[in-house]
Amino acid sequence: MTGPGLLSALWLTPLIGALVVVVLPPTAARAARPLALVTSLATLALAIVVAGGYEAGGERYQFVEARQWIPSFGATYTLGVDGIALVMVLLAAALMPLLLLAGWRDTDPDPGTPAAPDSRRAQAYPALMLATQGLALVAFLSLDVLLFYIAFEAMLIPLYFLIGVYGGGSTDGSERARAAVRFLIYNLLGGLVMLAALITVYIHTSRSGIGPDGGGTFDHRLITAAVADGTLQIPTGAGLLLFAGFTLAFAIKAPLWPFHTWLPGAAVAATPASAVLMMAVVDKVGTFAMLRYSLPLFPEATQTAAPVLITLAVISVIYGGLMAIAQTDLLRLIAYASISHFGFIVLGIFARTEQSATGSTLYMVNHGLATAALFLVAGFLVRRHRIREIAYYGGVQQVAPVLAGVFLVAGLATLSLPGLAPFISEFLVFVGTFGPYPVAAVLGTATFVLAAIYILWTYQRVMGGPVAPGIESTRDLGVRERVVLAPLLVALVVLGFYPQPALDVIDPAVAATVAHVEGAAP
């Protein structure tokens, strides 16, 4: 199925909206947040149209748009969506209106301070959020590796400012600056390594003459087809290096141990809304790209390197869980929990079975929903007191029962309680991994035990017990906050009991990817 211009409209809508929001005159600054929200809803509507027209049993890539871009060296503007990309697009589109509502007051002065509202800050913040979303959508939709790379790197710019300039009120300026610089350096270094690998891949395609004019190409479909039929043959050693170049950049973005160290600082320095955008959407570009690029472009190298990636994934699972247990900072705890869950996603990807890869793809969506709910409700609590230390809190459930209840449900989703969405995806990863890597699968189940410890212990300390001094005045969730969290909880329950529509979309794309990798010569 084709849809001329629909995918372009999907990613251009938030970017154009961001531009309009940021250039509003100061006299119209109050319209910035409503305009950004309307833009995000328009993007969601377009994503729903794409999902409604997608045929689960149809062609691999649908709504394809292909135009000349830089013909002199085979770069094209090519977009398309398969089942894996579709669910990620829907996640990115569905979360943005909720995140904009969650961060509605993030740029307002702190209560009790004499500072006047900053109109430019109120405009730039939602504009940066929309710009990040637009670039993430390009990354999910791109079928040209060079176009993907540009979006992959460009999204660092708005995120850098979201962390370093428009970060949360519970951190000081120096902490935000350090976190932003660390985030940028790590991801830029990974991107530079990927760029070198990308150029080398292009040279190999040029030598093989697989482009439309007999030259080189960046078209993902042409390259993977040439790999599959043997037209493009890269020596084993070079293939391993190129695979490492791509996968290193994706592992940093994901983030996978030991390339994870930028995430906890960035998560607590950003506002809760922008931190969720980073962890639930932008970081998923890394795991998505492992499925889209690392495996199909380098199937032989994937088979060779899989034990190493499996080992790193298991370490991430255990390390992230143990570090979460050790945290005294509520938001940092959730960030380390995400590292553990990303390890489980990577485990399923490189186990290379249909069940494990399907579970990992579904887990990308479910983790995004669960992390969004947990981090946002924790952020709402922290914003009330401007204190992140767990020891400060206690007895919140007695004065803010709805807030405490939402925290509990989101936490139970994070520890994969049956009946909530993450359970089925973790179960699929575990079952699919157990066949080829039984030891890794057994060790990976540590995520269930560790998550139960850090979630339930945190709930007991923060929400249970007697009301701590200063907590008695805690406001319960307001209308806007309930509107933000309710759709996330509903989605967690619905996907927990009925994930089949998502699986019907994901399965064919995953099956094609796994068959391509496993069909490569040893």
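Predicted model only: the values in this text are computed from it and were never measured. Per-chain numbering applies: the sequence of each chain, read as written, is numbered from 1 onward. Note on the predicted model: pLDDT of at least 70 is required for a residue's local features to be given, and 80 or more for side-chain atom pairs to be given and counted; whole-chain, interface and lining totals, by contrast, use all residues. No hydrogens and no water enter the side-chain calculation; it runs on all heavy atoms of the structure.

(A) Focus on the overall build of the protein chain. The helix count covers DSSP runs of H or I at least four residues long, the strand count covers runs of E at least two residues long, and both are numbered beginning at the N terminus. Summing up its helical and strand segments, the protein chain has 21 helices and two strands in all. Over its C-alpha atoms the protein chain spans a radius of gyration of 22 Å, differing by no more than 12% from the 24 Å that the globule rule assigns to 522 residues. Three labels apply to residues, based on accessible area from a 1.4 Å probe with only protein chains included: buried if under 20% of the type maximum, exposed if over 50%, partly exposed otherwise in between. Going through the 522 residues of the protein chain one by one, you find that 60% of them count as buried. Whether two residues are in contact is decided by their heavy atoms, any of which lying within 4.5 Å being enough. Counting only contacts in the protein chain whose residues sit at least 6 apart along the sequence, the fraction spanning at least 24 positions is 82%. Element-wise, carbon and sulfur atoms account for 69% of the exposed surface of the protein chain, whose accessible area totals about 18100 Å². Charge assignment: positive for Lys and Arg, negative for Asp and Glu; neither His nor the chain ends contribute. To locate a charge, take atom NZ for lysine, CZ for arginine, CG for aspartate or CD for glutamate. In the protein chain, 25 side chains carry a positive charge and 27 a negative one; their mean positions are 10 Å apart. We compute the radius of gyration over the C-alpha atoms and compare it with the globule rule, which gives 2.2 Å times the number of residues raised to the power 0.38. The Shrake-Rupley method, run with a 1.4 Å probe sphere, supplies the accessible areas, and residue values consider only the shown protein chains as cover.

(B) Summary view of the nonpolar core. What is meant by a nonpolar core is a set of buried Ala, Val, Leu, Ile, Met, Phe, Trp, Tyr and Cys residues, joined one to another through side-chain atoms within 4.5 Å. Counting 196 residues, the largest nonpolar core has Phe246 and Phe250 as its most contacted members. When sequence neighbours within four positions are dropped, the list of residues in contact with phenylalanine 246 reads Val145, Met194, Ala197, Leu198, Val201, Tyr293, Ser294, Leu297 and Phe298.

(C) Expanded view of empty space enclosed by the protein. A cavity, in this analysis, means grid points on a 1 Å lattice covering only the protein atoms where a 1.4 Å probe fits yet has no way out; a pocket is instead an open set bounded by protein on both sides within 12 Å along at least five of seven lines, and a residue lines either one if it has an atom within 4 Å of a point. Grid points are joined across faces, edges and corners, and a volume is the space filled by probe spheres set on the points. Applying the stated criterion across every chain yields a total of four cavities of 30 Å³ or more. In this structure, the second largest cavity spans a volume of roughly 50 Å³. Around the second largest cavity sit Arg33, Leu100, Gly103, Trp104, Tyr125 and Pro126, which together line it. Gly is put with the polar residues, along with every residue not named as nonpolar or charged; the nonpolar set is Ala, Val, Leu, Ile, Met, Phe, Trp, Tyr, Cys and Pro, and the charged set is Asp, Glu, Lys and Arg. Among the residues forming the lining of the second largest cavity, the class breakdown is four nonpolar, one polar and one charged.

(D) Highlighting the environment of threonine 200. Note on placement: threonine 200 falls in helix α7 (residues 173-208). Using a relative accessible area of 30% as the deciding quantity, one classes threonine 200 as partly exposed.

(E) Region of the structure containing the packing of aromatic side chains. When two rings of Phe, Tyr or Trp (its six-membered ring) have centres within 6.5 Å they constitute a pair, described as stacked for plane angles under 30 degrees, edge-to-face for angles over 60, and tilted for the intermediate range. A full pass over the atoms with the stated rule returns 18 aromatic pairs. Judged by centre distance (6.0 Å) and plane angle (25°), the rings of phenylalanine 423 and phenylalanine 427 are stacked. You can see phenylalanine 423 and its partner phenylalanine 427 sitting in helix α17 (residues 421-434), four residues apart, about one turn around the helix. Using a relative accessible area of 28% as the deciding quantity, one classes phenylalanine 423 as partly exposed. One aromatic cluster in this structure is built from Phe148, Phe152, Phe246, Phe250, Tyr293 and Phe298. Only when the NZ atom of a Lys or the CZ atom of an Arg is both within 6 Å of the ring centre and within 35 degrees of the ring normal do we say a charge sits over the ring. Just above the ring of phenylalanine 152 sits the side chain of lysine 253; from NZ or CZ to the centre is 4.3 Å. Positioned above the aromatic ring of tryptophan 457, the side-chain terminus of arginine 461 is 3.7 Å from the ring centre.

(F) Representation of the confidence of the model for the protein chain in the model. Per-residue confidence from the predictor is reported as pLDDT, a score between 0 and 100. The predicted model of the protein chain has a mean per-residue pLDDT of 88, with 95% of residues at 70 or higher. Within the model, pLDDT remains below 50 along residues 112-116, and this stretch shows two contacts once partners closer than five positions in the same chain are excluded.

(G) Region of the structure containing the environment of phenylalanine 250. Turning to its location among the elements, phenylalanine 250 is positioned in helix α9 (residues 236-253). Here the alpha-carbon distance between phenylalanine 250 and tryptophan 262, two residues 12 residues apart in the chain, equals 14 Å.

(H) Examining a nonpolar patch on the surface more closely. Residues forming no salt bridge and having over 30% relative accessible area are the ones grouped into patches, like charges within 9 Å of each other and nonpolar side chains (Val, Leu, Ile, Met, Phe, Trp, Tyr) within 5 Å. Just to be clear on terms, a salt bridge is a Lys or Arg side-chain nitrogen sitting within 4 Å of an Asp or Glu carboxyl oxygen. On the surface, a nonpolar cluster with roughly 370 Å² of combined accessible area is contributed by Val181, Ile185, Leu189 and Leu192. Within the secondary structure, leucine 189 is located in helix α7. For leucine 189, a relative accessible area of 52% puts it in the exposed group.

(I) How the structure looks around the pattern of salt bridges. For the structure on display, the rule yields seven salt bridges. Here arginine 60 makes a salt bridge to aspartate 82, at a shortest N to O gap of 3.4 Å. Remark: aspartate 82 occurs in the loop between β2 (75-81) and α3 (83-102) and arginine 60 occurs in the loop between α2 (32-53) and β1 (62-70); sequence separation between them is 22 residues. Residue class for arginine 60 comes out partly exposed when judged on its relative accessible area of 29%. Relative accessible area serves as the criterion here: at 0%, aspartate 82 is assigned to the buried category. Here arginine 292 ties to aspartate 82 by a salt bridge, and the two come within 3.1 Å at their closest N and O atoms.

(J) Expanded view of the pairing of β1. In the sheet, β1 pairs with β2 via six bridges, with the strands oriented antiparallel. Within β2, the residue paired with glutamine 68 across the bridge is threonine 76. Counting the residues in the hairpin turn of β1 and β2 gives four residues, including glycine 74, whose phi is positive at 75°. Two strands make a pair as long as DSSP finds a minimum of two bridges between them.

(K) Broad picture of the packing of helix α1 (residues 6-22) against α2. In this analysis, axes come from line fits to C-alpha atoms, helices being fitted only over the stretch in contact, and the angle between any two N-to-C directions falls in the range 0 to 180 degrees. Relative to each other, α1 and α2 sit at 175°, their axes nearing to 9 Å. Relative to α2, α1 is oriented roughly antiparallel. Contacts between α1 and α2 involve Leu6, Leu7, Ala9, Leu10, Thr13, Pro14, Gly17, Val20 and Val21 from the first element and Ala32, Leu35, Ala36, Thr39, Ala42, Thr43, Leu46, Ala47, Val49 and Val50 from the second. When grouped by side-chain class, the residues that make up the contact of α1 with α2 number 15 nonpolar, four polar and no charged. In these notes the angle categories are as follows: under 35 degrees is roughly parallel, over 145 is roughly antiparallel, 65 to 115 is roughly perpendicular, and the rest is oblique.

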